[in-house]
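Commentary on secondary and tertiary structure
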Amino acid sequence: MERRAIQVRGIVQGVGFRPFVHRLAARYGLSGFVRNEAGAVAIEVEGDNQTLDRFQADVRRHAPPLAQIEELRWEPRPARGDAGFRIEPSSIDSAETIRHAPDIAVCDDCLRELFDPFDRRYEHAFISCTNCGPRFTIIKAAPYDRARTTMASFPMCPLCSAEYHDPANRRYHAEPISCPACGPRLALLDALGAPLGDRDPVAAAVDALRSGRIGAVKGLGGYHLACLASEDSAVRELRRRKARDEKPLAVMVADIAAARELAVFDEREAALLASPARPIVVVRRRERAPLAESISPANRTVGLMLPYTPLHHLLLRSIAAPLVMTSGNRSDEPIAYADADALERLSGIADFFLVHDRPIEIRCDDSVTRMLDGKEATIRRSRGLAPLPIRLPFSCPRPILALGGQFKSAFALGRNRSAIVSHHIGDLDHYEAERSLADAIAHYERLFGISPDILVHDLHPDYSSTRYALNRLGPTRMAVQHHAAHAASCMAEHGLNQPVIAVVFDGTGYGLDGAVWGGEFLVGDYASFRRFAHLRYVPMPGGEQAIKEPWRMALAHLADAGRLFSPSWSEVPQSAQRFVLRLLERGFAAPVTSSAGRLFDAAAAIAGVRTRVGFEAQAAIELEAMACDTPEAGAYPFEIVPGASLVVDTRPLIAALARDVERNIETRIVARRFHTTIVEIIAEVCLIAAETAGRDVVVLSGGVFMNAIIATEAEARLRAAGLRVFRNQVIPANDGGLCLGQLAIAAACAATVES
Ligand code: ZN
Ligand code: ZN
Ligand code: FE
């Protein structure tokens, strides 16, 4: 007889790990115990050597679907001759990390019960088990047990309690366990928040939606606004009330088969749609999909998602039609999640509210992702994924809080080799979003027991996240340049720890020289990046205004290129154009920028695709849609000018593009040539960098790499040249990924200082 003490680390709590170990030990006839410890599951088992080996291998191989084993260690112990195998009470009191699982979509077992008229949880909108259900959005404090969740106010009935305490049951220690007798309840409220009769709330909501109404539906991390996705009038009305003019809206469909009626996608995209995180997946919309045109105007893609709460399943099965499910907010405000607040903020938008009485502890938007050339390219990492840790390529010498940027804000807490990357906080322009950032930071620090010694923020003095860092007393502060952080985010998620060439193309980021950077080639590693090359500086007439009005960037680039060609923009008054040209002549109110995003804007405006944008990158997205599937091999010229940093002279590009437009070359050809030119710029500069710096690893980051053509073609070109290429996959290439890069840079710098 031998005894082993086995320690399993990773995502092993709240995922049904102990009952699984219990069943496995019983099958092998082993004695001993299993229990939760801080951040780990501890097992002691006794049996013969061979059986113990097989048991250990099975723990790894057959772990529950949601478990992620990071490490399994064991050591011998003296045999004790226990009688049988038992699950011991937890010994978690320490402040050590407890890695909370994210919220998980309803599992197949629960789904079967949900629609089984003979099951006692038939149509129970809160059905869950150890393999599924809410986690992160209901947890108030660590460790994870019912008393510390928003389920604490629902005492279990005797039947649920028996299941909860039975190690053989699928709901053994499933903290959100409930049933119609003891669980939360649904309710339907009218536009003013008054209860609506005693009809079944789901059936009544379905009737209202069918008749073209707009409803607010309480989800896991906040409220959605819902309406029929096929009804153009309903969708347009939703846009009008929400003050959201053109940004695409997400659509929820009952299942993969329903998704296939709306979009074309492959098996990997189907797997993403059906993954337990249930993100919104951006896929290619079918030509004649039965979807309102106003869902994603001027866009070939559509964001689809599958139901993830039991309530979604009940709704979708009953209505049997795709529903717009967009975040419950007005314009760009944070999503509403607290009930009273939702009623107030969504009044005037929603005709009715489908709600329940299980509070949401923390706001958490849907995640958004897509596949680019066989690899995932996360757009927003949030519900279903946060707060899963990302493993760092090296250890944080001290606890670090990285604050991210201003837009698509997210923060990261680092300790040892883990980075806990937060859910999506959103743009920090609103006071409420700023407060949401501070609240979320406090929540994570409590939950994970981390108090940071170092705060890392962007170099931009006016970012709300920078102000948060400057106002917080105690920890050491460190500023990291925006594009270095983008580069490091990609390196960190791929575990790279060597010097690289980084191509960082985005909209705007504060540069070391005070200019607005955004078309950057960096060379170096975490602790030291050098600006190897950048796009030529051009003025941004009117500063921020030039971001909303691409025609301004078009005039700036045209003036720079010496082309006094005036595009025929009927929607831009001549007087406004003359005013901007005067600004440019005098160099007044015009910071300079090397932004790639602004170059896309300029090209889109000159080509007549778009002169004003309603949301970030809209012009570039429409230009990409034009170029997509256009067979055209041509490209525009550019020059590379030597200097302390190389400068990519974009004047020949702009001049040639304008000439094409003057000659009435088809817009999609112009768009395609422009994209090819950007790919060539990236390839050519990288090859020079590879030669001079002797590096062969390239990382591609920044929001421009959300562009499918640029991302996939740049990668292919560089690979063909023999370079190793990495793109952001699980962490967004946009500003949502900045925090991870800041964290990695701070960890590397702190390690250098301290060693
Ligand atoms: Zn389940
Ligand atoms: Zn019950
Ligand atoms: Fe950026």
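Refer to the structure printed above.
Residues numbered from 1 in each chain as written. Chains lettered and ligands numbered in written order. Predicted model: local features only at pLDDT ≥ 70, side-chain atom pairs only at ≥ 80, totals over all residues. Heavy atoms only, no water.

**Focus: the overall build of the protein chain**
A count of helices and strands for the protein chain gives 22 helices and 30 strands. Seen through its C-alpha atoms, the protein chain measures out along the principal axes to roughly 90 × 65 × 50 Å. Looking at the protein chain as a whole, 60% of its 755 residues are labelled buried. A total accessible area of about 28700 Å² is found for the protein chain, and carbon and sulfur atoms account for 50% of it. Averaging the coordinates of the 87 positive side-chain charges in the protein chain and doing the same for the 91 negative ones gives two points 0 Å apart. (Helix = DSSP H or I, 4+ residues; strand = E, 2+ residues; numbered from the N terminus. Buried < 20%, exposed > 50% of the residue type's maximum accessible area, 1.4 Å probe, protein only. Areas by Shrake-Rupley, 256 points an atom, 1.4 Å probe, with all protein chains shown as cover. Lys, Arg positive; Asp, Glu negative; His and termini not counted. Charge placed at Lys NZ, Arg CZ, Asp CG, Glu CD.)

**Looking at the sheet that holds strand β20 (residues 454-458)**
Pairing within the open sheet is mixed, and its 4 strands lie in the order β19-β18-β20-β21. Looking at the sheet topology across the chains shown, the edges are occupied by β19 (412-421) and β21 (476-480). The sheet shows a mean angle of 60° between the axes of neighbouring strands, direction not considered. Two elements, β20 and β21, share 5 bridges in a ladder whose sense is parallel. From the neighbouring strand, leucine 455 faces β21, where its bridge partner is arginine 477. (Pairing = 2+ DSSP bridges. Axes fitted to C-alpha atoms, helices over the stretch in contact; angles between N-to-C directions.)

**Some thoughts on the sheet that holds strand β3 (residues 40-47)**
Taken in spatial order, the 5 strands of this open sheet run β4-β1-β3-β2-β5, and their pairing is mixed. Edge strands, defined here as strands with exactly one partner in the open sheet, are β4 (68-77) and β5 (85-87). On average, each strand axis in the sheet is inclined to that of its neighbour by 15°, with strand direction left out of account. In this structure, strand β2 (residues 31-37) lies alongside β5, joined through 3 bridges in parallel fashion. Looking at β5, one finds that glycine 32 is bridged to phenylalanine 85. Each of β1 (2-11), β2, β3, β4 and β5 is contacted by helix α1 (residues 17-28), which is oriented at about 175° to β5, the strand it contacts most. Taken strand by strand, helix α2 (residues 49-61) contacts β1, β3 and β4, and its axis lies near 5° from that of β1. (Contact = heavy atoms within 4.5 Å.)

**A closer look at the pairing of strand β8 (residues 223-228)**
Counting buried positions along β8 yields 6 of 6 residues, so the element is predominantly enclosed. Two elements, strand β7 (residues 215-218) and β8, share 4 bridges in a ladder whose sense is antiparallel. Residue glycine 215 lies in a different strand from β8, and its bridge partner there is alanine 226. Remark: 4 residues form the turn of the hairpin made by β7 and β8, two consecutive strands paired antiparallel.

**Notes on the coordination of the iron ion (ligand 3)**
Within the protein, the atoms that donate to the iron ion (ligand 3) are His482 (NE2), His486 (NE2), Asp506 (OD) and Asp735 (OD), at distances of 2.1 to 2.2 Å. Metal-centred angles of 85 to 167° between the 4 donor atoms at the iron ion (ligand 3) mark the site as irregular. (Donors = N, O, S within 2.8 Å, 3.2 Å for Na, K, Ca; no water. Tetrahedral: all angles 85-135°; square planar, octahedral: opposite > 155°, others 65-115°.)

**What to know about unusual backbone geometry**
Note that the residue after alanine 386, namely proline 387, is joined by a cis bond; omega there is 0°. Looking at where proline 387 falls in the secondary structure, it is placed in the loop between β17 (375-376) and β18 (389-402). In this structure, alanine 617 takes a positive phi of about 65° despite not being glycine. Tracing the chain through its elements places alanine 617 in the loop between α17 (596-606) and α18 (618-627). The residue asparagine 664 is not glycine, and still its phi comes out positive at about 60°. Mapped onto the elements, asparagine 664 comes out in the loop between α19 (651-662) and α20 (667-693). The class for asparagine 664 is exposed, based on a relative accessible area of 67%.

**Remarks on empty space enclosed by the protein**
According to the stated counting rule, one finds 5 cavities of 30 Å³ or more in the structure shown. The computed volume of the largest cavity comes to approximately 130 Å³. Taken together, 16 residues line the largest cavity, and the ones lying closest to its centre are Ala125, Leu220, Thr309, Pro310 and Arg358. Taken together, the residues of the lining of the largest cavity break down into 10 nonpolar, 4 polar and 2 charged. (1 Å grid on protein atoms, 1.4 Å probe; cavity = no way out; pocket = protein on both sides within 12 Å on 5 of 7 lines; lining within 4 Å. Points joined across faces, edges and corners; volume = space filled by probe spheres on them. Nonpolar A, V, L, I, M, F, W, Y, C, P; charged D, E, K, R; others polar.)

**Describing the pattern of salt bridges**
Pairing between side chains becomes possible if they bear opposite charge and their charged atoms approach one another. Counted according to the given criterion, the structure contains 56 salt bridges. Across the pair aspartate 629 and arginine 300 runs a salt bridge, and its minimum N-O distance is 3.2 Å. Pair noted here: aspartate 629 is in the loop between α18 and β27 (639-641) and arginine 300 is in the loop between β11 (280-285) and β12 (301-305), with a separation of 329 residues, a long-range link. The exposed category is assigned to aspartate 629, whose relative accessible area is 55%. The class of arginine 300 is partly exposed, set by a relative accessible area of 37%. When the shortest N-O distance is used, the salt bridge between glutamate 549 and arginine 552 registers 2.7 Å. A relative accessible area of 12% places glutamate 549 in the buried class. Overlapping salt bridges bring together Arg3, Arg35, Glu37, Glu44, Glu46, Glu75, Arg77, Arg80, Asp82, Arg86 and Glu88 as one network. (Salt bridge = Lys/Arg side-chain N within 4 Å of Asp/Glu carboxyl O.)

**Overview of the environment of phenylalanine 352**
Along the polypeptide, phenylalanine 352 turns up in strand β14 (residues 352-356). Overall, phenylalanine 352 belongs to the buried group, its relative accessible area being 3%. It is 34 Å that separates the C-alpha atoms of phenylalanine 352 and arginine 171, two residues lying 181 residues apart in sequence. For phenylalanine 352, the contacting residues outside a window of four places in its chain are Leu188, Leu189, Asp190, Ala191, Ala205, Ala208, Leu209, Arg213, Ile214, Gly215 and Ala216.

**Quick word on the nonpolar core**
In terms of nonpolar packing, the biggest core is built from 67 residues, with Phe505, Phe674 and Ile682 touching the most fellow members. Tallying contributions element by element places α20 first for this core, with 11 residues. Ignoring any residue separated from it by four or fewer positions in sequence, one finds phenylalanine 674 in contact with Leu599, Phe600, Ala603, Leu623, Tyr636, Leu653 and Leu657. One finds Phe17, Val206, Ala250 and Met305 within the second-largest nonpolar core, a separate group that totals 66 residues. (Core = buried A, V, L, I, M, F, W, Y, C linked by side-chain atoms within 4.5 Å.)

**Looking at the packing of helix α15 (residues 550-560) against helix α16 (residues 574-586)**
It is at 10 Å that the axes of α15 and α16 come closest, and there the two elements cross at 50°. By the angle between their directions, the pair α15 and α16 is classed as oblique. Read as a crossing pair, α15 and α16 show a hand that is right-handed. Taking contact as the criterion, the partners of Trp551, Arg552, Leu555, Ala556 and Ala559 in α15 are, on α16, Ala576, Gln577, Val580, Leu581 and Leu584. Its residues assigned to classes, the contact of α15 with α16 shows 8 nonpolar, 1 polar and 1 charged. (Parallel < 35°, antiparallel > 145°, perpendicular 65-115°, else oblique. Left-handed = near helix turned anticlockwise from the far one by under 90°.)

**Focus on the packing of aromatic side chains**
One pass over the full model with this rule turns up 9 aromatic pairs. Ring centres 5.5 Å apart and planes at 70° place the aromatic pair phenylalanine 17 and phenylalanine 20 in the edge-to-face group. Of this pair, phenylalanine 17 and phenylalanine 20 both sit in helix α1, 3 residues apart, which is roughly one turn of the helix. Overall, the relative accessible area of 7% leaves phenylalanine 20 in the buried class. With 4.9 Å between their ring centres and 75° between their planes, phenylalanine 411 and tyrosine 444 make a pair best called edge-to-face. You can see phenylalanine 411 sitting in the loop between β18 and β19 and its partner tyrosine 444 sitting in helix α11 (residues 431-448), a full 33 residues away along the chain. For the residue pair phenylalanine 411 and tyrosine 444, the accessibility class agrees, reading buried in each case. Feature note: the residues Phe136, Phe411, Tyr444 and Phe448 constitute an aromatic cluster, connected by ring pairs. One cation-aromatic arrangement involves arginine 4 over tryptophan 74; the distance from NZ or CZ to the ring centre is 4.1 Å. (Phe/Tyr/Trp six-rings, centres within 6.5 Å; stacked < 30°, edge-to-face > 60°. Lys NZ or Arg CZ within 6 Å of the ring centre and 35° of its normal.)

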